[in-house]
Amino acid sequence: MAEVKLKNLTKRFKDVVAVDNISLDIEDGEFLTLVGPSGCGKSTTLRAVAGLENPTAGDILIDGQRVNPLPPQKRHISMVFQSYALFPHMSVESNLAFGLKIRKKSLKHKSEKVKWAIELLGLSGFEKRLPKELSGGQRQRVALGRALVLEPKVLLLDEPLSNLDAKLRLRMRTELKRLHKKIKTTIIYVTHDQAEAMTLSDRLAVMKDGKILQVGTPEEIYQKPADIFCAGFIGSPPMNFVSGERVPQVEDKNAMVGIRPEDLSISLAETKDGIVGRSSVTETLGSDNYLYVDISDLLISVRLKPEEKIPEDKPVWLVARKEKHHLFDKSTGRRV
Amino acid sequence: MKILKFVLIGVILFFIIFPLFMMTKYSISDRESIVTGGEYPEPFFPFKPTLEMFGVLWSRSDFMKAGLTSLWVGLFAVAFSLLLGAPTAYALARFRIPGVAILLFFLLSVRLFPDISAVIPVAELLLSRPFSLLPPVVLVGLAHTLLALPYTVYIAKGVFESIPRDLEEQAFVLGAAKSRTFFKILTPLALPGLGAAAIYTFFLSWNEFIFAYFLTFQGTETTLPVYLLRILSWSPQKNFISAISLLICVPVIIFTFLVQRYMREGLTAGAVK
């Protein structure tokens, strides 16, 4: 277990700045997620921590030690790749033991650790199988086990769930969270899936264009997004954005107003301070239903209570309490 | 349409199978079936099939020696072209090399020249010191390496490109040194593909005539195709020469069956979803 510090980390590939002067403190035992759209630099950051990329500038510290010049093995990290990268010609057992073998661990230690991983990850009975004889979820667990048997101080996970089908992804998400509770290793997790980031992490760092826009707990980022991009990226369906001049309650007409679908109340009768629109389609999810409302050129999503029924193609009035408004500067995108 | 298809397949099969049939037929013919003196037509199938010629060949040391020479030349060619070609291919597949497309074109363009135009300079080089000190088997092996190398590089490049880079990076993260990654991860995964390159090289060498002829015509050590020519110059009987031809084909057929299954295994399945 260890804390990880990134200090002014920059990575440039020729003319492209993949990671742009980011600083981040990750606490001991923390589950931190780097989340952002593809190409935002999250994977490059992770690879830099792993030792697969040389930073152009800045330092990476693990447990207070600067690890920039160290190869991965000496950083006490393990990494799970998106593709799992299981060695296809080796059995589950050999895959799990690969790193231990390199570290020249005793036979006893090796078999104990492999056994531990197999039990921890529910892979009993599959020891002799080849990766191609495993299901996607099992492969994923082998990859995780191969990383865990090395008892890393920091576990790096690069989109480990994105190759699984939707149902399995949800299950592995829970398993991963339980696993973290059990082993308490510092985890740096990379994903583009905001739901994964929200559900798994102690804290998350939202990245865009090589920069970290906001770091915080899922609640903080959801409730107080620091930036219009974070506001739109975290949450599903995404936050609605309306120009300030169209919202009667807002004084700053130059601001962009963000309102989450669940903070809007809807009425078929004219409401004070309400914005009028036309109900369009309803998406039924079971527990939640979302109604989409046309407001001239905008499509606004509104969460309906299960018992609430709004007919389609009718004039409706939308209103949100003022404290639920998120105001952003139109030019900088920062929260005001 | 269907009939036409079958007729077409029949015609194609005829062209493939008929020469093989004739070769086999002559090789097991008795004397009366081939030496007719124009008194009666040659029979479609020999009167008294016999394996006599194979027995004759088995006891001929020059034939056995040529066979062994061919085998060794083939193995040398395979070894040389893999030793040189696989690392080259790996480098071409993994590292960003400026002008790699031009390089690859030149590599293949070597084979655009007819062999006959390359054979004189190559023979000139290999038959003078220091190369001439090497045994002829190695010399011909080297010449065949020259012929096979462009293809070996091409095939092996494809093989290495098909192995996900993630596997190497994963091995690196787990602490494996480059050499371990190469021998424990890459080599086992590349083997089926490299096997294909090896088979290709071996067959090329086994069949190759021009270079083998120019490099060995003076000596006693020759490969089978050159041996076949020498025998032909004595105007031997059809059954004798056919038996030699048939025996030259046999290893090719056996080898193909042996290694093809291995090639098809597709070891990389399951590495990356």
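Residues numbered from 1 in each chain as written. Chains lettered and ligands numbered in written order. Predicted model: local features only at pLDDT ≥ 70, side-chain atom pairs only at ≥ 80, totals over all residues.

**Describing the overall build of chain B**
Link 1 in the chain: The secondary structure content of chain B amounts to 12 helices and 0 strands.
Link 2 in the chain: Along its sequence from the N terminus, chain B presents helices and strands in the succession α-α-α-α-α-α-α-α-α-α-α-α.
Link 3 in the chain: Since a compact globule built from 273 residues should have a radius of gyration of about 19 Å, the 23 Å found for chain B marks it as more spread out than a globular shape.
Link 4 in the chain: Summarising its shape, the C-alpha atoms of chain B cover approximately 80 × 60 × 35 Å along the three principal directions. (Helix = DSSP H or I, 4+ residues; strand = E, 2+ residues; numbered from the N terminus. Rg over C-alpha atoms; globule rule 2.2 N^0.38 Å.)

**Thoughts on the sheet that holds strand E14 (residues 275-284) of chain A**
All names here are of chain A.
Link 1 in the chain: Here we have 5 strands laid out as an open sheet, ordered E13-E17-E14-E15-E16, and antiparallel in their pairing. For this open sheet the edge positions go to strand E13 (264-267) and strand E16 (298-304), each flanked by a neighbour on one side alone. Strand-to-strand, the axes of this sheet are offset by a mean angle of 45 degrees, without reference to chain direction.
Link 2 in the chain: Judged from the 4 bridges that link them, E13 and strand E17 (residues 315-320) form a sheet pairing that is antiparallel. Residue pairing for E17: leucine 264 is matched across the bridge by alanine 320. (Pairing = 2+ DSSP bridges. Axes fitted to C-alpha atoms, helices over the stretch in contact; angles between N-to-C directions.)

**Focus: the pairing of strand E3 (residues 31-35) of chain A**
All names here are of chain A.
Link 1 in the chain: The buried count for E3 comes to 5 of 5 residues, which makes it a mostly enclosed element.
Link 2 in the chain: Here E3 shows no split at all, with Phe31, Thr33 and Val35 on one side and Leu32 and Leu34 on the other all buried.
Link 3 in the chain: Two strands pair when backbone bridges link them, and E3 and strand E8 (residues 186-191) are joined in this way by 5 bridges, in the parallel orientation. The partner of phenylalanine 31 across the bridge, within E8, is isoleucine 187. (Buried ≥ 20, exposed ≤ 12 C-beta atoms within 10 Å, placed from the backbone.)

**Overview of the domain arrangement of chain A**
All names here are of chain A.
Link 1 in the chain: Assigned domains within chain A: domain 1 (4-233) and domain 2 (240-329).
Link 2 in the chain: Between domain 1 and domain 2, the residue contacts involve 4 residues of the former and 5 residues of the latter.
Link 3 in the chain: For the side of domain 1 that touches domain 2, the per-class residue count stands at 3 nonpolar, 1 polar and no charged. (Domains from an automatic or database assignment. Contact = placed C-beta atoms within 7 Å. Nonpolar A, V, L, I, M, F, W, Y, C, P; charged D, E, K, R; others polar.)

**Quick word on unusual backbone geometry**
Link 1 in the chain: With an omega of -5 degrees, the peptide bond between A:Ser236 and A:Pro237 qualifies as cis.
Link 2 in the chain: Structurally, the position occupied by A:Pro237 is in the loop between helix H8 (228-233) and strand E11 (240-243).
Link 3 in the chain: Residue B:Pro130 follows B:Arg129 across a cis peptide bond; omega there is 0 degrees.
Link 4 in the chain: Of note, B:Pro130 is situated in the loop between helix H6 (115-126) and helix H7 (136-162).
Link 5 in the chain: Non-glycine residue A:Asn21 carries a positive phi angle of around 55 degrees.
Link 6 in the chain: Within the fold, A:Asn21 resides in strand E2 (residues 16-26).
Link 7 in the chain: With phi around 50 degrees, A:Asp209 is a residue other than glycine that occupies positive phi space.
Link 8 in the chain: Here A:Asp209 shows up in the loop between strand E9 (203-208) and strand E10 (211-216).

**Digging into the packing of H7(B) against helix H9 (residues 178-207) of chain B**
All names here are of chain B.
Link 1 in the chain: It is at 9 Å that the axes of H7 and H9 come closest, and there the two elements cross at 160 degrees. By the criterion of interaxial angle, the relationship of H7 to H9 is roughly antiparallel. In this structure, the crossing between H7 and H9 has a hand that is right-handed. For the pair formed by H7 and H9, the contact residues are His144, Leu147, Ala148, Tyr151, Thr152, Ile155, Ala156, Val159 and Phe160 on the first element and Ala190, Gly193, Leu194, Ala196, Ala197, Tyr200, Thr201, Leu204 and Ser205 on the second.
Link 2 in the chain: Of the residues contributing to the contact of H7 with H9, the split by class is 13 nonpolar, 5 polar and no charged. (Parallel < 35°, antiparallel > 145°, perpendicular 65-115°, else oblique. Left-handed = near helix turned anticlockwise from the far one by under 90°.)

**Digging into the interface of chain B and chain A**
Link 1 in the chain: The interface of chain B with chain A comprises 20 residues on the first partner and 23 residues on the second.
Link 2 in the chain: For the side of chain B that touches chain A, the elements supplying multiple residues, two or more each, are helix H8 (165-173) and H9 of chain B.
Link 3 in the chain: Top contributing element to the side of chain B that touches chain A by residue count: H8(B), with 6 residues.
Link 4 in the chain: A breakdown of the residues in the side of chain B that touches chain A according to their chemical character gives 13 nonpolar, 4 polar and 3 charged.

**A look at the domain arrangement of chain B**
All names here are of chain B.
Link 1 in the chain: Looking at chain B, the domain boundaries give domain 1 (1-50) and domain 2 (61-264).
Link 2 in the chain: Centre-to-centre, using C-alpha coordinates, domain 1 lies 34 Å away from domain 2.
Link 3 in the chain: If you look at the interface, domain 1 gives 6 residues, while domain 2 gives 7 residues.
Link 4 in the chain: Here the side of domain 1 that touches domain 2 takes 4 residues from helix H1 (residues 2-27), the largest share from any one element.
Link 5 in the chain: Grouping the constituent residues of the side of domain 1 that touches domain 2 by class yields 3 nonpolar, 3 polar and no charged.

**Side note on the nonpolar core**
Link 1 in the chain: In this structure, A:Val49, A:Leu156, A:Ile188, A:Val206 and B:Ala156 are the most contacted members of the largest nonpolar core, which totals 143 residues.
Link 2 in the chain: The leading source of residues in this core is H7(B), at 13 residues.
Link 3 in the chain: Sequence-distant contacts of A:Ile188, that is, excluding residues within four places in its chain, are made with A:Val4, A:Ile26, A:Leu32, A:Leu34, A:Leu46, A:Val49, A:Val154 and A:Leu156. (Core = buried A, V, L, I, M, F, W, Y, C linked by C-beta atoms within 7 Å.)

**Comments concerning the sheet that holds E11(A)**
Each strand in a sheet pairs with its neighbour through backbone hydrogen bonds, running either in the same direction (parallel) or in the opposite one (antiparallel).
Residues and elements named next belong to chain A.
Link 1 in the chain: The sheet built from 3 strands is open, its strands ordered E11-E12-E18 with antiparallel pairing. The strands lining the two open edges of the sheet, one partner per strand, are E11 and strand E18 (326-329). Within the sheet, the average angular offset between the axes of one strand and its neighbour, ignoring direction, is 30 degrees.

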